[in-house]
Every structure is written in C-alpha cells, then in structure tokens.
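Residues per chain are reported as follows:
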Amino acid sequence: PGALVISAYCTCPDITRTVTPDLELSRSGRLLWVDLGGGRNRLGGSALAQVWRQIGNDCPDVDDVELVGRAFQAVQTLLTEDMVTAGHDRSDGGLVTTLLEMAFAGNCGFDVELPTTDNALAALFAGELGLVLEIDEDDLDDAMAVFLENDVPCLAIGRTVAEPRVRIGVGGERVLDEDMRDLRDLW
C-alpha cells in the first residue's frame, strides 16, 4: 500500500470511557471536525491519488506536534466529562471516508456543511491529521469551549440524522446526497 500506518498502545485508566466510530445520537448528535492539519489538504499518497494512478508530491505530515498534544488533552477532557459518543480519525481516506464510515457503523445518516474552499475534492479526501467527534447537541457549547481553551481548531460541521441519508455541502454547494445504505453496499 502507499501508506504507512503506525499504531500506538497505552494504558486505559477506565475502559467504560472509550469511544467507537459508530454514530449513536441519530436525533441529537452534532458533528465536530478537529483539523490538526493546519488547514492543509495535501493529497500525496492518498487513496484518491491512487485511484487516479498518481502518487502526488505533497503528502500529509505532522506539522505541529504541540497542536496534536493539545488536541489529545482536549479530547481527554471531553471523554472524562462523557461528552463524546463517537469518534474517528480522518487520516485514512479523508473527511468524507471518516463521515461515511461513522454513518455505516451507526446505521444512520448525517447532514454536513463544510466551509468554502478552492478545492472541495482535496478537502474531502486529504488524509491530513484530524478527527470527527459526535457529541450531544446539549453539550455543543461546552465542547467547543474545551477546544477553544486548548487552542485547538474545531468546527461544528453538521448533525446526525435518523434517516439513512448522507448529505455533504461544501461552501453551500451540495456535493453528496445519497442513501447511506447504497453507499455502504458499494463500500
């Protein structure tokens, strides 16, 4: 494969405070995007580049180690406060893959709107560092405050929905509107 995956293991002080990728709050879930790639959307070595039989020249990298540490602390705080119901990294397949895998596992849909960008394809498929978290809408302000206090970029990008429909908009333009079950069958 054109990617290197590094796994790390550590102790888990409380196994009841772990998070899986499956969306759980189909009626009240809010989706947070934590961008640890500094706004970059490098496609080198990505699954998308491989599909196009390319390698690319500019690959994702860890550009701000301290940011990763601050994000880790922020997420640990949210876990301690039982605010995170689902979470998944975006480094393998990009943001679109992350969101779809979360919906597939949770057997529900989502409605997401991403900020305007000059390259929607890169924003959706870049394997930069980052993660998507699902939290209850009642915890949105508190969760956003934790990221702000830790100086970690975080955007509320959408919500989970009970219907099996996945919708993604980028800068107000709809780029995906499909039945989650059809996409899961293709996956």
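A brief report on the enclosed structure follows. (Residues numbered from 1 in each chain as written. Predicted model: local features only at pLDDT ≥ 70, side-chain atom pairs only at ≥ 80, totals over all residues. Heavy atoms only, no water.)

1. Let's talk about helix H3 (residues 94-106)
Note the following rule: Put simply, DSSP H or I for four residues or longer makes a helix, DSSP E for two residues or longer makes a strand, and each gets a number counted from the N terminus. What a helix is expected to span follows from its residue count: subtract one and scale by 1.5 Å. Whether a residue is buried, partly exposed or exposed follows from its accessible area with a 1.4 Å probe, protein chains only, as a fraction of its type maximum: under 20%, in between, or over 50%, in that order.
For H3, spanning 13 residues, the distance from its first C-alpha to its last is 19 Å, which sits close to the expected 18 Å at 1.5 Å a residue. A large share of H3 lies buried, amounting to 10 of its 13 residues.

2. Section: the nonpolar core
For clarity, the threshold we go by: Here, nonpolar core means buried Ala, Val, Leu, Ile, Met, Phe, Trp, Tyr and Cys residues that are tied together by side-chain atoms lying within 4.5 Å of each other. Contact criterion: two residues are considered in contact whenever any of their non-hydrogen atoms come within 4.5 Å of each other.
Ranked by internal contacts, the top residues of the largest apolar core, which has 24 residues, are Leu-99, Phe-110, Leu-114 and Ile-168. Taken together, the elements giving at least two residues each to this core come down to strand S1 (29-35), H3, strand S3 (109-114), strand S6 (165-170) and helix H6 (180-186). Looking at which element gives the most residues to this core, the answer is H3, with 7 residues. Setting aside residues no more than four positions away along its own chain, Phe-110 makes contact with Leu-31, Leu-99, Leu-100, Ala-103, Arg-159, Thr-160, Val-161, Arg-165, Val-166, Arg-167 and Ile-168. One finds Val-34, Leu-78, Met-83 and Cys-154 within the second-largest nonpolar core, a separate group that totals 20 residues.

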